[in-house]
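Spelled out from the first residue to the last, the chains are:
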Amino acid sequence: MAADSGAITNEDSESGEEEGKHVKPFTPEKAKEIIMSLQQPAVFCNMVFDWPAQHWTAKHLSEVLQGKQIRFRMGTKHTDTAPQFETTCSYVEATLEEFLTWNCDRSSISGPFRDYDHSKFWAYADYKYLVSLFEDKTDIFQVYGLKQRVLGSQCLTVEVLQKDGGACRTYTYLKFHGFEFMSNYDVIWSDFGFPGRNGQESTLWIGSMGAHTPCHLDTYGCNLVFQVQGRKRWHLFPPEDTPFLYPTRIPYEESSVFSKINVVNPDLKRFPQFWKARRHMVTLSPGQVLFVPRHWWHYVESIDPVTVSINSWIELEEDHQARVEEAITRMLVCALKTAENPHDTRAWLNPTEVEETSHEVNCHYLNGAVSAFFDHYGTSKVVETQALSTNGEYVIKEELNVHNHVEVEQTSSHSLTLGTVKQEAASPFGPDLVPVIPGSQEPPSERGGMFESDGEDFVDKNGKHFGKLHYTKRQRMMSESENAVVEHIASNSTVAPSQTFISTDDLLDCLVNPQVTRIVAQLLIQGRSLQL
């Protein structure tokens, strides 16, 4: 557990300097190389021991954010087979101090949590951008680099050795309302090879035991998650298993594809394909950083009384096309759902979506996404494409100029290799980088280990093998996954198969299936390129 005290004394600075002399296992360049090539979730260890944010416990933050109202999502602790989507939860505006008081199980307290029995409900302040959280404390974000030159006695400077033989990193803390705090530069993603990325590009997550996010995938980027306080259990599934997760865009949230399944209590009668999904599980502890590759499904639950996490989404080259796919999805979802019920968006629009949903605005958004794609690549961009098949396994040629028509090849081989296999390299795994591997559906803590494995080989996206490990290839074709798409779409309906009624949501599950929108986006891009 991270320390509860947020104050840093001169004695602390001396110990901090001593601790900082430990050499981190990966240089920023090596860490970035791993992140940009690894297609398997993995946990970085011993990379953040000198981050001031390791002291960001809920208690510390409650002192920092004195009186700050934060929105908490309230969910029930009962385990149903249906996911607890944000549209079905209630919400409370409260301070962190009020949250901590309620979380001590003081059921007789007054205040914003008075209607929520602690034994029956959990609370989650999720997805809080640090910039917004500290918007009324902008002076904190300007502290770094000013040092005593400007702040004088109001500043404490601590120098910590950054790397073996490298220059010292200087931390500057502002004494703010009786404690030292740096905020923006407490989070140092540059250690992972992303210079300039810090608190301004990070989000904060604070929850009680049982708080969780429904199973979903993020359409943009990859994810780095720093666990500060408490433990969280992650259930992850590879992108190839998407058909087995029964994706849906209802509730609609840009960049989030939800699963219809409560993965900790699945209804296998309604979702029979889910048993094929390969669950990877890991319990993330304080001081560890989890890397979640692009399009990996994840369900995250707090398993300690209080948890605090900080994450940052790392932009990827693929995001330019993904924004076109998201714009298509937004236009279709909003058009059909608004037509179905023009006066009630709360049932299908996630509370995080606050922008206007008119057709005019969505058209503008789509055109902007396509224009941005060409502004970035020009008209000669080579596009990676995939095809959806209902009666076999299809692969579109990996490299297609946007001026060409889509070409499709059918193959019966399950050993298709896309791209050039590079020379084998040494495994990056070891005590400081631990892969998250396929495991039992029992929680890891009940099996006595942090990670669990079924002993499969690991292969990275270029085909490298690393012994009894398993990288999943970004463009790898799964023999069952593609053929399961039609079964998945057919079983998505909430209506009994014997009935002929097709709802708007049933239609949307087909139209905005991630594999369908990918093809539509590629056709739009290719068609637009012919006009340029």
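These numbers come from a predicted model, not from an experiment.

A. Spatial organisation of the overall build of the protein. What the protein contains, in helices and strands, is 13 helices and 22 strands. Within the protein, the fraction of its 532 residues that count as buried is 53%. Partitioning the contacts of the protein with sequence separation of at least 6, the portion at a separation of at least 24 is 76%. Carbon and sulfur atoms make up 51% of the accessible area of the protein, which amounts to about 23,500 Å² in all.

B. Inspection of helix α4 (residues 96–103) at higher detail. Every buried residue of α4 is listed here: Leu96, Phe99, Leu100, Trp102 and Asn103. Projected down its long axis, α4 carries its buried residues within an arc of 160°, all on one side. Contacts made by the buried residues of α4 are with α3 (58–64), β2 (70–76), β3 (90–94), β4 (121–129), β8 (203–208) and β17 (306–314). One or two positions beyond α4, positive phi appears at aspartate 105, with a value near 65°.

C. A nonpolar patch on the surface, seen in detail. Where nonpolar side chains cluster on the molecular surface, the patch consists of Ile502, Leu507 and Leu511 and spans about 270 Å² of accessible area. With respect to the element layout, leucine 511 can be found in helix α12 (residues 504–511). With relative accessibility at 34%, the residue leucine 511 sits in the partly exposed group.

D. A look at helix α2 (residues 28–37). Among all positions of α2, only Pro28, Ala31, Ile34 and Ile35 are buried. The arc enclosing the buried residues of α2, seen along the axis, measures out at 130°, which places them on a common side.

E. Layout of the sheet that holds strand β13 (residues 256–259). As summarised here, the arrangement of the 6 strands in space is β12-β13-β9-β16-β11-β14, forming an open sheet in which the pairing is antiparallel. Either end of the sheet is taken by a strand with one partner, and the two such strands are β12 (247–253) and β14 (280–284). With strand direction ignored, the average angle separating the axes of adjacent strands in the sheet is 35°. In terms of strand pairing, strand β11 (residues 232–237) meets strand β16 (residues 297–302) through 6 bridges, oriented antiparallel. Bridging from a neighbouring strand, tryptophan 234 pairs with valine 300 of β16.

F. Molecular detail of the nonpolar core. Counting residues in each nonpolar core, the largest one holds 52 residues, and the members touching the most others are Phe44, Phe72, Phe99 and Phe192. In terms of nonpolar packing, the next biggest core, distinct from the first, is built from 14 residues, Cys215, Phe237, Ile261 and Phe274 among them.

G. Layout of the environment of proline 112. Checked against the element boundaries, proline 112 lands in the loop between α4 and β4. Separated by 18 residues in sequence, proline 112 and alanine 94 have C-alpha atoms that sit 6.1 Å apart. With near-sequence residues (within four places) excluded, proline 112 lies in contact with Val92, Glu93, Ala94 and Glu98.

H. Representation of the pairing of β16 in the model. Buried residues dominate β16, accounting for 6 of its 6 residues. Along β16, one buried face is formed by Trp297, Tyr299 and Glu301 and the opposite face, lined by His298, Val300 and Ser302, is buried too. Pairing analysis gives 3 bridges linking strand β9 (residues 212–218) to β16, with the strands arranged antiparallel. Bridge pairing in β16 links threonine 213 to valine 300.

I. Spatial organisation of the side chain of aspartate 191. Take aspartate 191: it is sitting in the loop between β7 (179–181) and β8. Of the residues examined, aspartate 191 reaches a relative accessible area of 0% and is grouped as buried. One polar contact links aspartate 191 to tryptophan 51, side chain to side chain, over a distance of 2.9 Å.

J. Highlighting the pattern of salt bridges. Scanning all chains against the criterion turns up 14 salt bridges. Here aspartate 304 makes a salt bridge to arginine 231, at a shortest N to O gap of 2.9 Å. Taken together, the residues aspartate 304 in the loop between β16 and β17 and arginine 231 in the loop between β10 (222–229) and β11 connect sequence positions 73 residues apart. In this structure aspartate 304 comes out as buried when scored by relative accessible area, which is 12%.

K. Representation of the sheet that holds strand β15 (residues 289–292) within the structure. One open sheet accounts for 9 strands, arranged β3-β2-β4-β8-β17-β10-β15-β1-β22; its pairing is antiparallel. Looking at the sheet topology across the chains shown, the edges are occupied by β3 and β22 (433–435). In this sheet, neighbouring strand axes are inclined to one another by 25° on average, regardless of whether the strands run parallel or antiparallel. With 5 bridges joining them, β2 and β3 adopt antiparallel strand pairing. Bridge pairing in β3 links isoleucine 70 to alanine 94. The strands touched by α2 are β1 (42–44), β10, β15 and β22; relative to β1, the strand with the most contacts, the crossing angle is about 165°. Relative to β8, α4 is tilted by about 25°, and along the sheet it contacts β2, β3, β4, β8 and β17.

L. Summary view of the packing of helix α8 (residues 319–340) against α12. As a packed pair, α8 and α12 sit with axes 11 Å apart at the nearest point and diverge in direction by 175°. Classified by the angle between their axes, α8 and α12 sit roughly antiparallel to one another. Residues Leu332, Val333, Leu336, Lys337 and Glu340 of α8 pack against Thr504, Asp505, Leu507, Leu508 and Leu511 of α12. For the contact of α8 with α12, the residue count by class is 6 nonpolar, 1 polar and 3 charged.

M. Quick peek at the pairing of β2. The buried fraction of β2 amounts to 5 of the 7 residues, a majority that puts the element mostly inside the structure. Alignment of β2 against β4, held across 4 bridges, turns out to be antiparallel. Along β4, the bridge assignment pairs threonine 76 with phenylalanine 121.

N. Highlighting the packing of aromatic side chains. By the definition in use, this model includes 21 aromatic pairs. Consider the rings of tryptophan 102 and phenylalanine 113, whose centres lie 5.0 Å apart with planes at 20°: the pair is stacked. Here phenylalanine 113 lies in the loop between α4 and β4 and tryptophan 102 lies in helix α4, a separation of 11 residues in the sequence. The residues tryptophan 102 and phenylalanine 113 share a single accessibility class, namely buried. Measuring from ring centre to ring centre gives 6.1 Å for tyrosine 124 and tryptophan 205, while their planes differ by 50°; the resulting arrangement is tilted. Linking tyrosine 124 in strand β4 with tryptophan 205 in strand β8, this pair joins segments that are 81 residues apart in sequence. Relative accessible area serves as the criterion here: at 1%, tyrosine 124 is assigned to the buried category. Accessibility expressed as a relative area gives 13% for tryptophan 205, which makes it buried. Pairwise contacts between aromatic rings join Phe26, Phe44, Trp51, Trp189, Phe192 and Phe226 into one cluster.

Cut-offs applied
Residues numbered from 1 in each chain as written. Predicted model: local features only at pLDDT ≥ 70, side-chain atom pairs only at ≥ 80, totals over all residues. Heavy atoms only, no water. Helix = DSSP H or I, 4+ residues; strand = E, 2+ residues; numbered from the N terminus. Buried < 20%, exposed > 50% of the residue type's maximum accessible area, 1.4 Å probe, protein only. Contact = heavy atoms within 4.5 Å. Areas by Shrake-Rupley, 256 points an atom, 1.4 Å probe, with all protein chains shown as cover. Arc of directions from axis to C-beta. Patch = residues over 30% accessible without salt bridge, like charges linked within 9 Å, V, L, I, M, F, W, Y side chains within 5 Å. Salt bridge = Lys/Arg side-chain N within 4 Å of Asp/Glu carboxyl O. Pairing = 2+ DSSP bridges. Axes fitted to C-alpha atoms, helices over the stretch in contact; angles between N-to-C directions. Core = buried A, V, L, I, M, F, W, Y, C linked by side-chain atoms within 4.5 Å. Polar contact = N/O pair within 3.5 Å; in protein donor to acceptor, adjacent residues only side chain to side chain. Parallel < 35°, antiparallel > 145°, perpendicular 65-115°, else oblique. Nonpolar A, V, L, I, M, F, W, Y, C, P; charged D, E, K, R; others polar. Phe/Tyr/Trp six-rings, centres within 6.5 Å; stacked < 30°, edge-to-face > 60°.

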